[in-house]
Amino acid sequence: MVSTSALELAARTRRFISEQILPVEREIVVDGRPMDDALRLELQKAAKEAGVFGPLSPVEHGGLGLDTRDQAVVLEAAGTSLIGPLALNCWAPDDGNIHLLAHAANAEQARRYLAPLASGEVRSAIAMTEPAPGAGADPGMLRTTAEEAPGGWVINGAKHLTTGADGAAFVICVARTDDGPTMFLVDTDNPGMRVLRRMPTLDHTSAPGGHCEVAFSGCFVPDSAVLGEVGLGMEYAQVRLAPSRLSFCMSWLGLATRAQELAARHISRREAFGARIAEHGLAQGHLADNEIDIEASRALIARCAEVIDAEGPASSAARHHASVTKTFVSEAVWRVLDRAVQLHGGLGVCEDHLVARFLVEARAFRIYEGPSEVLRWSIARRVLRPYR
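Owing to the predicted nature of the structure, the values given are computational and were not obtained by experimental measurement.

**Some remarks on helix α7 (residues 233-269)**
- When the terminal C-alpha atoms of α7 are compared, their 54 Å separation across 37 residues agrees well with the 54 Å that a helix rising 1.5 Å per residue should span.
- If you look at α7, its biggest bend is around 25°, right at R240, and the proline P243 turns up within four residues after that.
- Summarising burial for α7: 26 of the 37 residues are buried, a large majority.

Here it is in structure tokens:
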């Protein structure tokens, strides 16, 4: 059950988004003002002053220390703007990296990496996805290697779609060792690591630092750079995965609710064929279907959050519920945004009305953190397991 304090925090978050973020949103989403670190820090400073910063961060590092059920209502409120989660420091990839570091980092790594990340002083990235024939949705295809050297490791390999790498303070690099996949903390000023370019993707507003091609060439890191234990990289990835998938769902659901409000307002004012559009049955059908998708998504998120809190983020049940939730919510959000565009008519494809940008930005949601097809395969395997 969501706590009363979380409901109050969600209400404060909605006010913060309305008063502080929405006036800036159009400059970034429509007018093309860059979401650089200076602006990010400015917005995060405002969030701290409003008492809504850090819903995913530990209390000892300046965060709010919410459990997953309480995060759901707060992140939905933050997600009513494309840049709301950035202001609250609860957006990918930092959201998942904060959770991962809180679980796997030793005391010195927590001081050096987790503390500044959780407080918003720096950004981070995780380098997992590789160009073909390397790892994508199948982590077993990992090709980047890390070989032992005196005092440390040497990493070699190519990554792409490394979200947030341009301007990040550090990258969590997943590489193959003799003992299995391992995670390494790599400072981005390491001469053996280069951010080659930002890839030109659809979602350029909601991804500060872009989605980048990154090269590791003779990249030496000390033994202290190993995150957790050597060979357990995939186990740590499972700790990160369910919460990261769910926080995506929470934030994008917030954007879907915003699009529903914009569409309802528009058709209540616009007239066609002798009546307001809101009085026409087909328009009402779109609104009704949106509301069904929103409520169903909210229920799945709440159930998944309960499982994560009760059984842990790496449990089999948490991974299963996160797969179900992410598959449904990513597709439901797309349907809601698509209907919102349709209800705006010709204006829906014009970025003067934000639903067009919302739709474009949300398209990647069905791919990031696991494509729907891969998640369906995983869900089906779990359903079939008792019958084998």
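Still to come is the rest of the account.
**Structural notes on the packing of α7 against helix α10 (residues 355-362)**
- Across the interface, α7 lies against α10 with an axial gap of 11 Å and an inter-helix angle of 155°. With respect to their mutual orientation, α7 and α10 come out roughly antiparallel. The chirality of how α7 crosses α10 is left-handed. Here W252, L255, R258, A259 and L262 of α7 lie close against α10, whose contacting residues are V355, F358, E361 and A362.

**Here's the deal with the UniProt feature "domain: Acyl-CoA dehydrogenase/oxidase C-terminal" (unreviewed entry) in the protein chain**
- On the UniProt side, "domain: Acyl-CoA dehydrogenase/oxidase C-terminal" (unreviewed entry) is annotated at positions that read residues 233-384 here.
- Span residues 233-384 is 77% helix and 3% strand, its end C-alpha atoms 27 Å apart.

**Some points on the pattern of salt bridges**
- Scanning the model with the defined rule gives 20 salt bridges in all.
- For the salt bridge of E130 with K159, the shortest nitrogen-to-oxygen distance reads 3.1 Å. On the criterion of sequence distance, the pair formed by E130 in the loop between β1 (124-127) and β2 (145-149) and K159 in strand β3 (residues 152-163) is long-range, its members being 29 residues apart.
- Across the pair R197 and E213 runs a salt bridge, and its minimum N-O distance is 3.1 Å. Taken together, the positions of R197 in strand β6 (residues 193-198) and E213 in strand β7 (residues 211-222) put the pair 16 residues apart, joining distant regions of the chain.
- According to the relative accessible area criterion, E213 is partly exposed, its value standing at 22%.
- By sharing partners, the salt bridges in this structure join D37, R40 and R123 into a single network.

**Thoughts on the side chain of Q71**
- Following the sequence through the fold, Q71 ends up in helix α3 (residues 68-78).
- The class of Q71 is buried, set by a relative accessible area of 12%.
- Leave out the neighbours within four places in its chain, and Q71 touches P55, L56, L66 and M250.

Reading the values: the criteria
- Residue positions are given per chain, counted from 1 along the sequence in the order it is written.
- Local features in a predicted model are, by the rule used here, given only for residues with pLDDT of at least 70; side-chain atom pairs are given and counted only at 80 or more, and totals for whole chains, interfaces and linings are based on all residues.
- For side-chain calculations, the full set of non-hydrogen atoms in the structure is used, while hydrogens and water are omitted.
- The helix count covers DSSP runs of H or I at least four residues long, the strand count covers runs of E at least two residues long, and both are numbered beginning at the N terminus.
- For a helix, the expected span equals 1.5 Å multiplied by the residue count minus one.
- Consider a residue and the seven residues that end there alongside the seven that start there; fitting an axis to each set, the bend is the angle between those axes.
- Burial here depends on accessible area, computed with a 1.4 Å probe over protein chains only, as a share of the maximum for the residue type. Under 20% is buried, over 50% is exposed, and the range in between is partly exposed.
- To obtain each axis, a line is fitted to C-alpha atoms, and for helices this fit is confined to the stretch in contact; angles are then taken between N-to-C directions over 0 to 180 degrees.
- For classification purposes, angles smaller than 35 degrees are called roughly parallel, those larger than 145 roughly antiparallel, those between 65 and 115 roughly perpendicular, and all remaining angles oblique.
- Helix crossings are classified by the rotation of the near helix relative to the far one: an anticlockwise turn of less than a right angle makes the crossing left-handed, while a clockwise turn makes it right-handed.
- Contacts are residue-level and defined by heavy atoms, with any inter-residue pair within 4.5 Å sufficient.
- UniProt positions are given in the numbering used here, feature names are shortened, and annotations may be inferred rather than shown by experiment.
- Criterion for a salt bridge: a side-chain nitrogen of Lys or Arg within 4 Å of a carboxyl oxygen of Asp or Glu.

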